[in-house]
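So you can see what is in the structure, the chains are spelled out below.
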Amino acid sequence: MIESANCPCSSALPYDICCARYHSGTPAPNAQLLMQSRYAAYAKQLIDYIIKTSHPALAARNRDASKWKQELLKFVKATKFNGLKINEFVDGEVQATVTFTAFLMQGGRDVSFTEKSTFLKVGDAWLYHSGEKQKRPL
Ligand SMILES: [Zn+2]
């Protein structure tokens, strides 16, 4: 794997100066960057980061942590992550929304989707709380 390749989050920056810093522990400064880093983490199969950046309310719905981890791992292994497009970012003090399109393929099938995600700030960390699938933009 070439680590100097462009970041999977579609920022057009090398991974090392993009989402790598968030994956290694620096809190993402806003919800859009957190969203991008989560997408990059899916693409790089960094399951622990996905779990770490999920709001406790979401984590509570996945009581069996090891099962949740297995499901995430199964999903990332079966999926090709072809890119991310941020459609809208509405910032706030403790709550923010990011509408994005994730370009995904599974077994040669286009499973891309658009979602409006809600993020909540807990301490100094933005966390993914919930998402609502949107109709695909034309
Ligand atoms: Zn990135």
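Residues numbered from 1 in each chain as written. Predicted model: local features only at pLDDT ≥ 70, side-chain atom pairs only at ≥ 80, totals over all residues. Heavy atoms only, no water.

Draft legend 1. Fine view of the overall build of the protein. In terms of helices and strands, the protein carries five helices and five strands. Ordering the α and β elements of the protein from the N terminus gives α-α-α-α-α-β-β-β-β-β. Taken along its principal axes, the extent of the C-alpha atoms in the protein is 40 × 35 × 35 Å. In the protein, once contacts between residues fewer than 6 apart in sequence are set aside, the share between residues at least 24 apart is 43%. Element-wise, carbon and sulfur atoms account for 53% of the exposed surface of the protein, whose accessible area totals about 8,000 Å². In the protein, the 18 positive side-chain charges and the 12 negative ones have mean positions that sit 6 Å from each other. (Helix = DSSP H or I, 4+ residues; strand = E, 2+ residues; numbered from the N terminus. Contact = heavy atoms within 4.5 Å. Areas by Shrake-Rupley, 256 points an atom, 1.4 Å probe, with all protein chains shown as cover. Lys, Arg positive; Asp, Glu negative; His and termini not counted. Charge placed at Lys NZ, Arg CZ, Asp CG, Glu CD.)

Draft legend 2. Expanded view of the coordination of the zinc ion. Every protein donor of the zinc ion is accounted for by Cys7 (SG), Cys9 (SG), Cys18 (SG) and Cys19 (SG), and the metal-donor separations fall at 2.2 to 2.3 Å. Each of the four donor atoms around the zinc ion contributes to a set of angles spanning 103 to 112°, which defines the coordination as tetrahedral. Along the chain, the residues that donate to the zinc ion are spaced as C-x1-C-x8-C-C. Of this pair, cysteine 9 sits in the segment before α1 (20-23) while cysteine 19 sits in the segment before α1; the two residues are ten residues apart in sequence, bridging distant segments of the chain. In this pair, the class of cysteine 9 matches that of cysteine 19, namely buried. (Donors = N, O, S within 2.8 Å, 3.2 Å for Na, K, Ca; no water. Tetrahedral: all angles 85-135°; square planar, octahedral: opposite > 155°, others 65-115°. Buried < 20%, exposed > 50% of the residue type's maximum accessible area, 1.4 Å probe, protein only.)

Draft legend 3. Up close: helix α2 (residues 31-43). Spanning 13 residues, α2 covers 18 Å between terminal C-alpha atoms, matching the ideal 18 Å at 1.5 Å per step. With ten of 13 residues buried, α2 is to be regarded as a mostly interior element. Within the span of α2, buried status applies to Ala31, Leu34, Met35, Gln36, Ser37, Arg38, Tyr39, Ala40, Ala41 and Tyr42. Two to three positions downstream of the cap, the backbone nitrogen of glutamine 32 sits 3.0 Å from a side-chain oxygen, assigning the N-cap of α2 to asparagine 30. Residue glutamine 45 follows α2 closely and has a positive phi angle near 60°. (Expected span 1.5 Å × (residues − 1). Polar contact = N/O pair within 3.5 Å; in protein donor to acceptor, adjacent residues only side chain to side chain.)

Purely spatial values, then, with no claim about function.
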